[in-house]
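Single-letter residue listing:
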Amino acid sequence: MINITFPDGKKATFEKNITGVDIAKSISTSLIKKCIAIEIDGEIKDLNTVIKQDCKINLLTIQDKNKLFEILNHSAAHVMALAVKRLFPDAKFSVGPSIDEGFYYDIDADNEIKEEDLIKIEKEIQRIVANALEFNHKTITYQEALELFNDEPYKLDLIEKINTRGEDITIYTIGEFTDLCRGVHVDNSKRLKFIKLLNIAGAYHLGDSNNKMLQRIYGTAWFTDEELQNHLTILENRRNSDHRKIGKDLELFTFTKETGAGLPLWLPNGATIRYQLEKFIKDEEIRRGYHHVYTPVLGTKQLYETSGHWDHYQDDMFKPIEMDNETFVLRPMCCPHHAMIYKHTPKSYKELPYRVAELGGMHRYEASGALTGLERVRNMCLNDAHLFVRPDQIKDEFKKVIELSNYAATILELDINYYRLSLRDPNNTEKYFNDDEMWNSAEQILRETLNESGIDFIEALDEAAFYGPKLDIQIKTALGHDVTLSTIQLDFLMPQRFDLNYIGQDGHNHRPVVIHRGIISTMERMTATLIEQYKGAFPLWLSPTQINIIPVSPTIHKEYTQKLFDLFNQQDIRVTIDDRDEKIGKKIREAQIAKIPYTIVVGDDEVQNEQVTVRPYGENDTITYSIEDFNKKILHEIKTYYSNRKK
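Note that the structure is predicted; figures quoted are calculated from it, not measured.

### Side note on the overall build of the protein chain
Turning to step 1, where the next piece is worked out: Regarding its fold elements, the protein chain presents 20 helices and 35 strands.
Turning to step 2, where the next piece is worked out: With the C-alpha coordinates of the protein chain rotated into their principal frame, the extents come out at 95 × 75 × 55 Å.
Turning to step 3, where the next piece is worked out: Expressed as a percentage of the 647 residues in the protein chain, the buried residues total 50%.
Turning to step 4, where the next piece is worked out: Counting contacts in the protein chain only where the partners sit at least 6 residues apart, residues at least 24 apart contribute 69% of the total.
Turning to step 5, where the next piece is worked out: Of the roughly 32100 Å² that the protein chain leaves accessible, carbon and sulfur atoms contribute 47%.

### Regarding the sheet that holds strand E20 (residues 321–323)
Turning to step 1, where the next piece is worked out: Here three strands make up an open sheet; going across it, the order is E19-E21-E20 and the pairing antiparallel. A single partner strand is all that each edge strand has here, and the edge strands are strand E19 (298–300) and E20. Along the sheet, successive strands turn relative to each other by an average axial angle of 40°, direction set aside.
Turning to step 2, where the next piece is worked out: Relative to strand E21 (residues 326–330), E20 runs antiparallel, the two sharing three bridges. What sits directly across from Glu-322, in E21, is Thr-327.

### Section: the nonpolar core
Across soluble globular proteins, you tend to see nonpolar side chains buried next to one another.
Turning to step 1, where the next piece is worked out: Ranked by internal contacts, the top residues of the largest apolar core, which has 63 residues, are Ile-520 and Leu-530.
Turning to step 2, where the next piece is worked out: The dominant element in this core, judged by the number of residues it contributes, is helix H13 (residues 394–411), at eight residues.
Turning to step 3, where the next piece is worked out: The residues contacting Ile-520, other than those within four sequence positions of it, are Leu-277, Ile-281, Asn-383, Ala-408, Leu-412, Leu-485 and Met-526.
Turning to step 4, where the next piece is worked out: Leu-60, Ile-113, Ile-174 and Phe-177 belong to the second largest nonpolar core, which has 42 residues in total.

### Quick look at helix H18 (residues 584–593)
Turning to step 1, where the next piece is worked out: Residues of H18 that are buried: Lys-587, Ile-588, Ala-591 and Gln-592. All buried residues of H18 fall inside an arc of 140° around its axis, so they share one side. Facing away from the buried side of H18 by more than 90 degrees, the exposed set consists of Arg-589 and Ile-593.
Turning to step 2, where the next piece is worked out: Where H18 is buried, its residues contact strand E31 (547–551), strand E33 (598–602) and strand E34 (611–616).
Turning to step 3, where the next piece is worked out: One or two residues past the end of H18 sits Lys-595, with phi positive at roughly 60°.

### Side note on the packing of aromatic side chains
Within a pair of aromatic rings, the relevant descriptors are the distance that separates the centres and the angle that separates the planes.
Turning to step 1, where the next piece is worked out: Under the counting rule described, the total for this entry stands at 17 aromatic pairs.
Turning to step 2, where the next piece is worked out: Here the aromatic rings of Phe-568 and Phe-630 are separated by 6.0 Å at their centres, their planes lie at 80°, and the arrangement is edge-to-face. Of this pair, Phe-568 sits in helix H17 (residues 558–569) while Phe-630 sits in helix H20 (residues 627–639), and the two are 62 residues apart along the sequence.
Turning to step 3, where the next piece is worked out: Relative to Phe-630, the ring of Tyr-625 has its centre 5.5 Å away and its plane inclined at 40°; by these criteria the two rings are tilted.
Turning to step 4, where the next piece is worked out: By relative accessible area, Phe-630 is classed as buried at 0%.
Turning to step 5, where the next piece is worked out: Through pairs of rings, three or more aromatic residues link up here, namely Phe-280, Tyr-407, Trp-541 and Tyr-641.
Turning to step 6, where the next piece is worked out: Sitting over the ring of Tyr-342, Lys-347 keeps its end group 4.9 Å from the ring centre.
Turning to step 7, where the next piece is worked out: In this arrangement the basic side chain of Lys-347 is found over the ring face of Tyr-354, its NZ or CZ atom lying 4.7 Å from the centre.

### Regarding the state of the cysteines
Turning to step 1, where the next piece is worked out: The tally for this structure, following the rule as stated, stands at zero disulfides.
Turning to step 2, where the next piece is worked out: Left without a disulfide partner, Cys-55 is nearest to the cysteine sulfur of Cys-35, which lies 14 Å away.
Turning to step 3, where the next piece is worked out: In this model Cys-335 remains outside any disulfide bridge; the closest cysteine sulfur is found in Cys-334, 7.2 Å from its own.
Turning to step 4, where the next piece is worked out: Of the residues examined, Cys-335 reaches a relative accessible area of 5% and is grouped as buried.

### Brief notes about the environment of Lys-535
Turning to step 1, where the next piece is worked out: For Lys-535, the position within the fold is in the loop between helix H16 (523–534) and E31.
Turning to step 2, where the next piece is worked out: The class for Lys-535 is partly exposed, based on a relative accessible area of 44%.
Turning to step 3, where the next piece is worked out: Spatially, the C-alpha atoms of Lys-535 and Lys-245 are 9.9 Å apart, while their sequence positions differ by 290 residues.
Turning to step 4, where the next piece is worked out: If we ignore the near neighbours within four places in the chain, the residues touching Lys-535 are Ser-241, Ile-246, Leu-530 and Lys-595.

### Details of a nonpolar patch on the surface
Turning to step 1, where the next piece is worked out: Taken together, the side chains of Val-297, Leu-298, Ile-321 and Met-323 make up a nonpolar region of the molecular surface, amounting to roughly 300 Å² of accessible area.
Turning to step 2, where the next piece is worked out: As for its placement among the helices and strands, Val-297 is situated in the loop between strand E18 (291–292) and E19.

### Regarding the packing of H17 against H20
Turning to step 1, where the next piece is worked out: In contact at an axis separation of 12 Å, H17 and H20 are set at 35° when each is read in the N-to-C sense. The handedness of the crossing between H17 and H20 comes out as right-handed. Residues Tyr-560, Leu-564, Leu-567 and Phe-568 of H17 form the contact with H20, whose participating residues are Ile-627, Phe-630, Asn-631 and Ile-634.
Turning to step 2, where the next piece is worked out: In the contact of H17 with H20, the residues fall into seven nonpolar, one polar and no charged.

### Focus: the packing of helix H9 (residues 268–287) against H16
Turning to step 1, where the next piece is worked out: One can describe the packing of H9 onto H16 by two numbers: an axis separation of 10 Å at closest approach and a directional angle of 110°. If you check the angle between H9 and H16, you find them roughly perpendicular. Between H9 and H16 lies a crossing of right-handed hand. Contacts between H9 and H16 involve Ile-273, Arg-274, Leu-277 and Glu-278 on the former and, on the latter, Met-523, Glu-524, Met-526, Thr-527 and Leu-530.

So, how was this worked out
- Residues numbered from 1 in each chain as written.
- Predicted model: local features only at pLDDT ≥ 70, side-chain atom pairs only at ≥ 80, totals over all residues.
- Heavy atoms only, no water.
- Helix = DSSP H or I, 4+ residues; strand = E, 2+ residues; numbered from the N terminus.
- Buried < 20%, exposed > 50% of the residue type's maximum accessible area, 1.4 Å probe, protein only.
- Contact = heavy atoms within 4.5 Å.
- Areas by Shrake-Rupley, 256 points an atom, 1.4 Å probe, with all protein chains shown as cover.
- Pairing = 2+ DSSP bridges.
- Axes fitted to C-alpha atoms, helices over the stretch in contact; angles between N-to-C directions.
- Core = buried A, V, L, I, M, F, W, Y, C linked by side-chain atoms within 4.5 Å.
- Arc of directions from axis to C-beta.
- Phe/Tyr/Trp six-rings, centres within 6.5 Å; stacked < 30°, edge-to-face > 60°.
- Lys NZ or Arg CZ within 6 Å of the ring centre and 35° of its normal.
- Disulfide = S-S within 2.5 Å.
- Patch = residues over 30% accessible without salt bridge, like charges linked within 9 Å, V, L, I, M, F, W, Y side chains within 5 Å.
- Salt bridge = Lys/Arg side-chain N within 4 Å of Asp/Glu carboxyl O.
- Left-handed = near helix turned anticlockwise from the far one by under 90°.
- Nonpolar A, V, L, I, M, F, W, Y, C, P; charged D, E, K, R; others polar.
- Parallel < 35°, antiparallel > 145°, perpendicular 65-115°, else oblique.

Structure follows, in structure tokens:
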């Protein structure tokens, strides 16, 4: 006898093993058509899962779409793979998971699948949907798996990994396509009426750059056509907000084949934004006791061997440069250089914390398929700093860094999504510095610091740096990407490797501890984030051009226009004059397209009354000010980082 309890507290008893389908039939024949999956003691399972013991169950229908979205999209990935297999019989398959807003599948078809083929694949998907093909699953042995997937190299790789972990090998079949999968899936393909394939990108098998580059097809699946269309509208709005499109439209940055992939060229407008970001964070750090320095983008290989980066990070570095019997590398981070600055002169305990900061240029060899506008590049400038502290100062300094990060997020109008404490995996320690006592102490210090600060955080195993745990402060961008705003890392290893010391109160040498930190990421990634957040309409303090003056008559109103220009220019306000031989209406429209915060139109009335008539960006109406009042207004906005962005 099997006793079943439903969410409303009602109970039912069955004489033998049953499935979710059996339970639905016992309640109502109409319910069978609505059921998509079953929740058994809080765990979602396939609808045809056999129930063998007493439990609480919940039959899930479209009304439970929040619980079922992942299942819907995971199932859609399999259906898409079946469609691809039918159209491209020689294709080999890697993995096809659901993701936050859809799914993808990594496929090796020797790059034969083109963007225009997505329409053909979608049509085949709809035929599969119309045929209501069932998802069937079973558990197989290791040998059976090897035989079943003998011509699928990526599946064989996955089988070996599953077998090594000692896990069961389960497969799902729909039509003539069988896949390694733990599930869960919808009962049949008719549930997948509303699928849209989005684009094709490059991706390495299992994300490992040592593996072959595959084609990744992205798609999304929803329960209703209305939901699908709403999501596609959101995606279109995001595309219009993409920093690569806006960057091109506003002439902020560019890439050229001749310069090299992943090496951005900052155009004057973009360079202005970057300078303002650098000035903001640099000035703030100096106010908080940081010493700003400059160090070279090159270092000897020996320097990075000493730091440990050569052993742990060389795959992400450019190849060494041999010159004058020395081996140099393009640096991927500033840590060793800052250690050398600390070591330049002896330090007393009274001089700690010693905070070294730099807007540091660095190079990392990102795979070509991973390069994405300014978000992921090979040459970058990191808002970097290293705090050399006494052990008793760790918590206070860590808290101050968090406070600085929160302040920067406020000024830049970035919403912090969550705090992630990245830890070593104690069961997988090969890639980490081997010192259990150090790791346990460092991780405990950070937990205590976060708890004392009242910060809610999640813990992530196997995400630490090789030398210590870290706190990642995550934000969600306007395009929905989860990215790191700030990283704060605790390091007991670097002082040991570089033999860093300070003279303690007892007159003896002591080891400092290093806190690595970046507050606003790289200038490249932060600029990309802000471009998308503001959709190119930057607040006054960041805008490449802050005021554009348009004289009605370039000849008659020239003198007054120049007077205004000189007034603003002398106060370091970024101002231009548009005295082209064009109609006023066209010049105003173009200023709006360029998203200039303030456009001033100078005519007879303005000259006679010594006023300015101002049209703010995005507004249809103009406002008239005295010169003095408008000047005070914009200086106040710049000084206070004021933004009127509508959230």
